[in-house]
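Next come the chains, spelled out residue by residue.
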Amino acid sequence: MKWIVVLSLVVFSECLVTIPLTKIKSMRENLRGKNLLKNYLKRHPYRLTYKFLQKQPDLGIPFEPMSNYLDLSYIGTIRIGTPPQEFRVIFDTGSADLWVPSIYCSSQACAKHNVFDPWLSSTFRKTGQPITLSYGSGIVKGFLGYDTVQIGGLVDVSQAFGLSQMESIQSLEHGDFDGILGLSYPSIALQGATPVFDNLWKQGLISQKLFAFYLSSHEKEGSVVMFGGVDPSYYKGDLKWVPVTKPGYWQISMDSISVNGKVIACEGGCQAVLDTGTALLFGPKGPTLNILQLINAQSTNTGEHMVDCNTTSTLPDIVFTINGIKYPVPATAYVQEVDSDTCYSNFESTSLNLDLWVLGDVFLRLYFTVFDRENDRIGLAPVVSV
């Protein structure tokens, strides 16, 4: 039996392609450091509705709902075109498309980032198809094109991607990333655009139809996204599998949320989305406020919630039970220490009227996560310190 397990791990990691990710300061941290956060949040209150439930407006052009990326903190490098042009992107399981700024963009946000020049690429093909990407705080407009995309050693030919021409989102000026590479299901992709992961599979570039994330908690380097296999050295024990309940986003059923054995939210079950494109833990307003009260978090004039740094060691684990397995999240994870005297809660409420939770990087840093498209399931296991 032991040999069967060993052999299965060898097969599972065959032809594995690992892409390093770098941990960066989030836009929230950058805005806070420049005393711009209060004004930004007042003008652009975060609404996860824009990402998961917003109805598509009738603009006469392809439209994709997306989040506002205020708290993203992990980026990887890709190259587009021939010869290749380099971009730093967020690998986002909460969206399905690839986009980067272009030379045609006159917005201030584009001026501060790498921009794609199609005239410099011999393999670029323009479609003339306009696109609009909608955020909770503004929009990105551009057009769809095709070109070669290099991700690590993978060479994805004729990949559809968006070239932005206008970015009406102030926070993007303060982000340390150029664009987004979506890893969700093709059903939420732009019309006529096959997502990057699906093209990698169709072109025979990966041996298994899955990818996985390891997100480092402390180090700037060390985080990875892996395609086509799983490296078991990043996690402890066995992967526990959870079926996807609604292909589109990576949505699953969650049993409950509890503290010290008492259910405090998601009683009787609810839905949850595992999203690398969200850094925090988001939940419905009522249950989230109960959790904030339980940890004695105090509201600030920015709408954030502060926690007494001296109490972190005494705060209880908050346990997310998924498919019968308990996944504790300790206070060291759900409280963010900015300095020795300033700590913020990593729980935030949404405007959703449904019992839907979004488990972002706060959760994913604790649990190695496999996104298995072949079997429509997610695998979870405690991470090891790398």
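Scroll up for the structure.
Keep in mind that what you see is a predicted model, and the values were worked out from it rather than measured. (Residues numbered from 1 in each chain as written. Predicted model: local features only at pLDDT ≥ 70, side-chain atom pairs only at ≥ 80, totals over all residues. Heavy atoms only, no water.)

A. Main features of the state of the cysteines. Overall, the coordinates contain three disulfides when judged by the stated rule. For Cys 105, the disulfide goes to Cys 110, at an S-S distance of 2.1 Å. Negative torsions about the S-S bond denote left-handed disulfides, and the value of about 70 degrees found for Cys 105 with Cys 110 makes this one right-handed. Here Cys 105 matches Cys 110 in class, with each residue buried. Residue pairing for Cys 309: its cysteine sulfur links by disulfide to Cys 343, the two sulfurs lying 2.1 Å apart. Disulfide Cys 309-Cys 343: torsion about the S-S bond near 120 degrees, hence right-handed. Within this pair, whereas Cys 309 is found in the loop between β19 (305-306) and β20 (318-322), its partner Cys 343 is found in strand β23 (residues 342-345), the two being separated by 34 residues in sequence. Pair check on accessibility: Cys 309 and Cys 343 agree, each one buried. Disulfide partners in the protein chain, listed by the sequence order of the bonded cysteines, are 1-2, 3-4, 5-6. (Disulfide = S-S within 2.5 Å. Buried < 20%, exposed > 50% of the residue type's maximum accessible area, 1.4 Å probe, protein only. Helix = DSSP H or I, 4+ residues; strand = E, 2+ residues; numbered from the N terminus.)

B. Structural detail: the sheet that holds strand β25 (residues 356-359). With respect to topology, five strands assemble into an open sheet ordered β13-β16-β25-β17-β24, the strand pairing being mixed. Each having just a single partner strand, β13 (251-254) and β24 (347-349) make up the two edges of the open sheet. Strand-to-strand twist of the sheet, defined as the mean angle between neighbouring strand axes without regard to direction, takes the value 25 degrees. Pairing of strand β17 (residues 281-283) with β25, which is carried by two bridges, proceeds in the antiparallel orientation. Paired with Leu 281 across the strands is Leu 359, a residue of β25. Against the sheet, helix α7 (residues 285-294) contacts β17, β24 and β25, and its axis sits at roughly 145 degrees relative to β24. (Pairing = 2+ DSSP bridges. Axes fitted to C-alpha atoms, helices over the stretch in contact; angles between N-to-C directions. Contact = heavy atoms within 4.5 Å.)

C. Fine view of the sheet that holds strand β15 (residues 262-265). Pairing in this open sheet of four strands is antiparallel, and the strands run β15-β14-β20-β21 from one edge to the other. Only two strands of the sheet have a single partner each, and these edge strands are β15 and β21 (325-329). The average angle at which neighbouring strand axes cross in this sheet is 40 degrees, direction not considered. Bridging between β20 and β21 involves five bridges; their strand directions are antiparallel. Residue pairing across strands places Phe 320 opposite Tyr 327, the latter belonging to β21.

D. Spotlight on the pairing of strand β22 (residues 335-339). Pairing of β22 with β23 involves four bridges; the strand directions are antiparallel. Residue pairing across strands places Gln 336 opposite Tyr 344, the latter belonging to β23. Connecting β22 to the next strand, β23, in antiparallel fashion are two residues.

No statement about biological role is implied by the geometric values presented.
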